[in-house]
Amino acid sequence: MKIFIGLLIIIFLYGLTTLKSQQDATRSYVTRLATERHQREAVAERERQFRFRVARVQSFLDKYSSPLASSSSVLVGTADRFNLDYRLLPAIAGVESTFCKYAPNFNCWGWGRGLTRFTSFNQAIEVIAKGLAQNYDTRDVRYIGYKFCPPTDCNTEAWIKNVQIFEKEVGE
């Protein structure tokens, strides 16, 4: 009889352990599903925001009949990779070359005092975004202005003002 009761206790405890393991597995599965759903939603939101910003840049550049408009997704994607304000490169292009209408060798930004040659807008965007990210405090347009367009070479205050106007025109 003691053996029988002992077996019942062992079976009962084993059942509880198994039940707890199943509950833990279920809880883990549900948590993983919720996490995956959250991640999918976050990715979808980032993609929605990216498309929204691309549309803003394209609309802005189209308004000025800029040949750079077809590179709007590259402008936004590259700005994201280098942690730049997505409006910065289009705004500087507006000031430096009337939105690439007057840009020899795809250099819409006057990079390298306007002497740097590029083979495409996409190459120029990549090089200039990387250069800005590495060599400028890109959180401050005034700082960029004084370094990018020093008072000895141009009207720095007007440059800064116009970049800020164009950034606002692209949108917040």
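Residues numbered from 1 in each chain as written. Predicted model: local features only at pLDDT ≥ 70, side-chain atom pairs only at ≥ 80, totals over all residues. Heavy atoms only, no water.

### So, the pattern of salt bridges
Reasoning step 1: By the definition in use, this model includes eight salt bridges.
Reasoning step 2: Between K63 and E169 there is a salt bridge; the shortest N-O distance is 2.5 Å. Highlighted residues: K63 in helix α1 (residues 2–63) and E169 in helix α6 (residues 156–170), separated in sequence by 106 residues. (Salt bridge = Lys/Arg side-chain N within 4 Å of Asp/Glu carboxyl O. Helix = DSSP H or I, 4+ residues; strand = E, 2+ residues; numbered from the N terminus.)

### Details of unusual backbone geometry
Reasoning step 1: With a phi angle near 60°, N83 is a residue other than glycine that sits in the positive phi range.
Reasoning step 2: Along the polypeptide, N83 turns up in the loop between α2 (72–81) and α3 (88–97).
Reasoning step 3: Of the residues examined, N83 reaches a relative accessible area of 67% and is grouped as exposed.
Reasoning step 4: The phi dihedral of N105 is positive, around 55°, even though this residue is not glycine.
Reasoning step 5: Topologically, N105 is positioned in the loop between α3 and α4 (121–135). (Buried < 20%, exposed > 50% of the residue type's maximum accessible area, 1.4 Å probe, protein only.)

### What to know about the state of the cysteines
Reasoning step 1: Across all of its chains, the model carries two disulfides by this definition.
Reasoning step 2: The disulfide partner of C100 is C108, and the gap between their sulfur atoms is 2.0 Å. Measuring the twist about the S-S bond at about 125°, one finds the C100-C108 disulfide to be right-handed. Pair check on accessibility: C100 and C108 agree, each one buried.
Reasoning step 3: Covalent S-S linkage joins C149 and C154, the inter-sulfur distance amounting to 1.4 Å.
Reasoning step 4: Listing the disulfide partners of the chain by sequence rank of the bonded cysteines yields 1-2, 3-4. (Disulfide = S-S within 2.5 Å.)

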